Amino acid sequence: MDFDLATVAIVFGSIFLVELPDKTFIATLVLATRFRPLYVWIGVSLAFLVQTAVAVTVGGLLAQLPKRPVEIFAAAMFLAGGVILLRGADKADEEEAETEEEFAHKGAATAVGLKAIGVSFGVLFLAEWGDLSQLLTASMVLQFKQPVSVFIGAFLALAAVSGLAAVLGRALLAKVKLATIRRVGGGVCLLLAALTVLQIFGVIRI
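Taking an unreviewed UniProt entry as the reference, the chain is identified by name as GDT1 family protein belonging to Pedococcus badiiscoriae. Per its UniProt entry, the chain bears the Subcellular location (unreviewed entry) comment "Membrane". A UniProt comment under Sequence similarities (unreviewed entry) is attached to the chain, and it reads "Belongs to the GDT1 family."

This is the structure we're talking about:
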């Protein structure tokens, strides 16, 4: 149950950069044009709360396995995440348009209050299983061995991304390209992969 502010900050920054160019951001933005942004944010954040808890639990269970295979698995996940983000950067704008069209037809346009929260929760809850941020969250539990700190950092990052999307999404996308954010996120994942490899060979300790 150790809590470490540095771990929270590292996890927050990593998950934030990985999730910002994801379809979650666009989906939340679209929902916020149909319902009150506050209701959308509450619904989406509740979905992230459940999914982060599941990811941290899975990571905690995997952490009980022998140390070396677990470290290799974590390095592989970070490497895969970096490659996925970097390879998809050039198609980010095209995927943005496709995602907007996909989520524009989901949910009831007249939903208000608890119904709007429920619709937002349902849309994101079903869309995000097996998402890259979930896999990286589980991998960070393996890396840092601090599930509480990882949970707090990951959830705060996801809540922050959804809040930005609900309130400032369109303005943010007008200033920063998703392709750029994906490249930065990919670089962070590759850095985590390199650090994990160095840890495996005993060069550094985390």
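There is more to say, and it comes next.
Peer 1: Is there a simple way to think about the packing of helix H4 (residues 67–88) against helix H7 (residues 132–144) in this case?
Peer 2: Relative placement of two packed helices is described by the angle separating their axes and the distance separating the axes. Put simply, H4 and H7 touch, their axes get as near as 9 Å, and they point 150° apart. Judged by the twist between their axes, the crossing of H4 over H7 is left-handed. Across from Val70, Phe73, Ala74, Met77, Phe78, Gly81 and Leu85 in H4, the residues of H7 making contact are Leu132, Leu136, Ser139, Met140, Leu142 and Gln143. The class makeup of the residues in the contact of H4 with H7 is ten nonpolar, three polar and no charged.

Peer 1: Is there a simple way to think about the pattern of salt bridges in this case?
Peer 2: Counted under the stated rule, the structure contains one salt bridge. Between Arg68 and Glu71 there is a salt bridge whose closest N-O contact spans 3.6 Å. In this pair, Arg68 and Glu71 both sit in helix H4, three residues apart, roughly one turn of the helix.

Peer 1: It is not clear to me how helix H1 (residues 5–19) should be interpreted in this structure. Could you clarify?
Peer 2: Structural remark: α-helix, 3.6 residues per turn; residues separated by three or four positions point the same way. The end-to-end C-alpha separation of H1 is 21 Å, in line with the 21 Å expected for 15 residues at 1.5 Å each. What H1 keeps buried is the set Thr7, Val8, Val11, Ser14, Ile15, Phe16, Val18 and Glu19. For H1, the side-chain oxygen to backbone nitrogen distance between the N-cap and Ala6 is 3.3 Å, and the N-cap itself is Asp4.

Peer 1: Please clarify how the UniProt feature "transmembrane region" (unreviewed entry) in the chain should be interpreted in this entry.
Peer 2: Feature annotation in UniProt places "transmembrane region" (unreviewed entry) on residues 6–31, 38–63, 69–86, 107–127, 147–172 and 184–204, given in this structure's numbering. Here residues 69–86 is 100% helix and 0% strand, with 26 Å between the C-alpha atoms at its ends. Here residues 184–204 is 81% helix and 0% strand, with 24 Å between the C-alpha atoms at its ends.

Peer 1: I tried to follow the nonpolar core on my own but got confused; where do I start?
Peer 2: One broad trend across soluble globular proteins is that nonpolar side chains are buried collectively. Grouped together as the largest cluster of nonpolar side chains are 43 residues, with contacts concentrated most on Val11, Ile15, Phe25, Phe78, Leu124, Leu136 and Met140. For this core, the secondary-structure elements that each account for two or more residues are H1, helix H2 (23–32), helix H3 (37–62), H4, helix H6 (113–127), H7, helix H8 (147–175) and helix H9 (178–200). Here this core takes eight residues from H8, the largest share from any one element.

Peer 1: Would you mind going over unusual backbone geometry with me for this structure?
Peer 2: Glycine aside, residues mostly have negative phi, and peptide bonds are mostly found in the trans state. The phi dihedral of Lys145 is positive, around 60°, even though this residue is not glycine. Secondary-structure assignment places Lys145 in the loop between H7 and H8. For Lys145, a relative accessible area of 43% corresponds to the partly exposed category.

Peer 1: Looking at this model, I keep getting lost on the side chain of Ser120. Mind explaining?
Peer 2: As for its placement among the helices and strands, Ser120 is situated in helix H6. Side-chain polar atoms of Ser120 contact the backbone oxygen of Ala116, separated by 3.0 Å.

Peer 1: When you look at the packing of H2 against H6 in this model, what are you seeing that I'm missing?
Peer 2: Contact geometry of H2 with H6 gives a least axis separation of 11 Å together with a crossing angle of 165°. Taken together, the axes of H2 and H6 are roughly antiparallel relative to one another. When the axes of H2 and H6 are compared, the crossing they make is right-handed. Seen from H2, the contacting residues are Lys23, Thr24, Ala27, Thr28 and Leu31; seen from H6, they are Ser120, Val123, Leu124 and Ala127.

Reading the values: rules and limits
- Residues numbered from 1 in each chain as written.
- Predicted model: local features only at pLDDT ≥ 70, side-chain atom pairs only at ≥ 80, totals over all residues.
- Heavy atoms only, no water.
- UniProt positions renumbered as here; feature names shortened; annotations may be inferred.
- Axes fitted to C-alpha atoms, helices over the stretch in contact; angles between N-to-C directions.
- Helix = DSSP H or I, 4+ residues; strand = E, 2+ residues; numbered from the N terminus.
- Left-handed = near helix turned anticlockwise from the far one by under 90°.
- Contact = heavy atoms within 4.5 Å.
- Nonpolar A, V, L, I, M, F, W, Y, C, P; charged D, E, K, R; others polar.
- Salt bridge = Lys/Arg side-chain N within 4 Å of Asp/Glu carboxyl O.
- Expected span 1.5 Å × (residues − 1).
- Buried < 20%, exposed > 50% of the residue type's maximum accessible area, 1.4 Å probe, protein only.
- Polar contact = N/O pair within 3.5 Å; in protein donor to acceptor, adjacent residues only side chain to side chain.
- Core = buried A, V, L, I, M, F, W, Y, C linked by side-chain atoms within 4.5 Å.
- Parallel < 35°, antiparallel > 145°, perpendicular 65-115°, else oblique.

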